[in-house]
Amino acid sequence: MPAFAAAYGGPGSPLLQAQVASPTSAATELRAIVASGRLDDLRWPDFSDYRKHLVDFYEPAGYAPAWVRAGAPSPQALALIARFRDSWKKGLDPEAYDASRWDARLAGLRSPGADPSRFDAALTVCAMRLVSDLRIGRIHPKHLGLDLDVEGKKYDLPRFVRERLVDASDVAAVLDSVEPPFGGYRRTEAALARYVEIAPRDSGRPLPVPAKAVRRGQPYEGAARLRELLALVGDLPAAAAAPADPGVFDAALSDAVESFQRRHGLDADGRLGAATVKQMNVPLADRVRQLQLSLERWRWLPETFSAPPIVVNIPDFRLRALDETNRVALEMRVVVGKAMRHETPVFSRDMTYVVIRPYWNVPASIRRGEIVPAIQRDRDYVARKRYEVTTPAGKVVTDGTISDDVLAKLKAGQLAVRQKPGPGNSLGLVKLMFPNQYNVYLHDTPAGALFAKSRRDFSHGCIRVEKPDELAAWVLRGSADWPLERVRAAMQSGPDDVTVRLARPIPVYIVYATALAYENGEVHFYDDIYGHDAALTRALAAGYPYPYPYR
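Residues numbered from 1 in each chain as written. Predicted model: local features only at pLDDT ≥ 70, side-chain atom pairs only at ≥ 80, totals over all residues. Heavy atoms only, no water.

### Brief notes about the nonpolar core
W67, I310, L442 and V475 are the most contacted members of the largest nonpolar core, which totals 165 residues. Of all the elements, helix α6 (residues 117-136) adds the most residues to this core, at twelve residues. If we ignore the near neighbours within four places in the chain, the residues touching L442 are I310, V312, L319, M351, K431, L432, F434, I463, V465 and L471. (Core = buried A, V, L, I, M, F, W, Y, C linked by side-chain atoms within 4.5 Å. Buried < 20%, exposed > 50% of the residue type's maximum accessible area, 1.4 Å probe, protein only. Helix = DSSP H or I, 4+ residues; strand = E, 2+ residues; numbered from the N terminus. Contact = heavy atoms within 4.5 Å.)

### Overview of the packing of helix α9 (residues 183-198) against helix α13 (residues 284-298)
For the pair α9 and α13, the least separation of the axes is 9 Å and the interaxial angle reads 160 degrees. Considering the angle they form, α9 stands roughly antiparallel to α13. When the axes of α9 and α13 are compared, the crossing they make is left-handed. Across the interface between the two elements, G184, Y185, T188, E189, A191, L192, Y195, V196 and I198 from α9 touch L284, R287, V288, L291, Q292, S294, L295 and W298 from α13. Looking at the contact of α9 with α13, its residues break down into eleven nonpolar, four polar and two charged. (Axes fitted to C-alpha atoms, helices over the stretch in contact; angles between N-to-C directions. Parallel < 35°, antiparallel > 145°, perpendicular 65-115°, else oblique. Left-handed = near helix turned anticlockwise from the far one by under 90°. Nonpolar A, V, L, I, M, F, W, Y, C, P; charged D, E, K, R; others polar.)

### Quick word on helix α10 (residues 223-233)
With respect to burial, α10 is a largely interior element, eight of its eleven residues being buried. Those residues of α10 that sit buried are A223, R225, L226, R227, L229, L230, L232 and V233. Turning to α10, the residues buried within the fold contact α9, β4 (248-249), α11 (251-263), α12 (274-280) and α13. Phi turns positive, to about 95 degrees, at G234, one or two residues after α10.

### Thoughts on the packing of α6 against helix α8 (residues 171-178)
Orientation of α6 relative to α8, taken along the N-to-C sense of each, is 40 degrees, at an axis distance of 8 Å. For the element pair α6 / α8, the angle class is oblique. Contact residues: α6 offers L130, V131, L134 and R135, while α8 offers L175, S177 and V178. In terms of residue class, the contact of α6 with α8 is made up of five nonpolar, one polar and one charged.

### What to know about the packing of aromatic side chains
Counting across every chain of the model gives 17 aromatic pairs. Here the aromatic rings of F57 and Y58 are separated by 4.8 Å at their centres, their planes lie at 85 degrees, and the arrangement is edge-to-face. The two residues F57 and Y58 agree in class, both being buried. With centroids separated by 5.5 Å and ring planes inclined at 80 degrees, the aromatic side chains of W102 and F119 adopt a geometry described as edge-to-face. Placement of the pair is W102 in helix α5 (residues 102-109) and F119 in helix α6, with a sequence separation of 17 residues. With a relative accessible area of 0%, W102 lands in the buried category. Taking relative accessible area as the criterion, F119 reaches 5% and is therefore assigned buried. By the ring-pair criterion, three or more aromatic residues cluster together here, those being F57, Y58, Y63 and W67. (Phe/Tyr/Trp six-rings, centres within 6.5 Å; stacked < 30°, edge-to-face > 60°.)

Put into structure tokens, the structure is as follows:
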């Protein structure tokens, strides 16, 4: 029990001997506070977004205080206050739940004739905010233009707080049950605690940027600072031998740099170049923030999946297919949409079918912006690239030299363009479809060399996968007719444009997290390539009431 609870411990405590406000006056004051939707005692006084929930919480009980009994805070109230103060461990801001204000409120309850209504209302508002924030996050993803739905996770807040918390024997256990049940979420919590601990210990001195990448055995003026940083973040083992020459970029430092590069989405060559130094000069406080934002995004996922899902994380350019226990069953690199111009959207839909040896129906934007200009330069472009010009209904008009009439109709949008199936098709030999308004899907690619690059945002928005045959076999694994060998044979030898329906839809989640914590204890950080971290940070800085999570 926290020290501040000592004054409320038993029948002889000073508070229980004090005169307290009458139940009638407390109820009247509580009713007025709730009706106003505002309590100036709070760090964020406007609770209009929760006003209806407070009405539904207090009205059935006649507006009797829920957290103050015989003039003393209940054990559950004290346990909640302790969790408010520890909410930083969850990536939240303790001051959002008035962490620094509870001592004064507790002291105020000890005053003769104390009115518990303001204390009670403040605790109910903070409790509802904390439950909501842990359950679905503070910011609704749709407010940020992200097509993820948290509506199905919402609690009946008044009922939850009344039935699960007011008389809880273990408040901490109840709050733990609210959070995402995934191992990755818990590992991110642990990583956050570690970085919160080490961030103040770092000197923050920037490393000098070398004019040319430093190789092992070469002198480097920032070697001592580099050694300090890499030891602090865990890339340089604690047992590493002391350097023979402190000013040299030795083998131990090179190995540690390679580890750091691998954890930060860089080419892991063990050399100290400008890109690596740039990542090393990111303040550890910023890494703390990335972990906090990742915890927020974990809360946007459903508690359970309708089937083992496919998850694509945009910033680390990787796809992971999960098994029934949410462990990774298949993993591969991906190429995503170009930053600034062709960003891959964050959303979720169900995959329902696979197309082997597909046509590529060229989107109108690419037809206008790329295909038509290419035809204007070369009337045989369509034939050389194995395209076909078709009517909107799919009837082939020509696959040869483009006439003036056909070009004019293409410019006017009266005709479409598609690419014939085969190894040179832009979609490769298979596409995996989860129908959506963005016209985004997973597919093979003939441009396999791009998977060797550390940063892989090159597409027009669709997601190119490194192992399309294995992924297709994985999604078709419920059908004995489509083992990996048959998938590979069908991709290579046809027939063309074969659609295979999935026996059971597979959820696909396109997500965005710039900090990931792995089972081996490593924490990986990635660039905010689309600016989503920056947008979420700005939205959170505005404070309560956040846009429509419980409206």
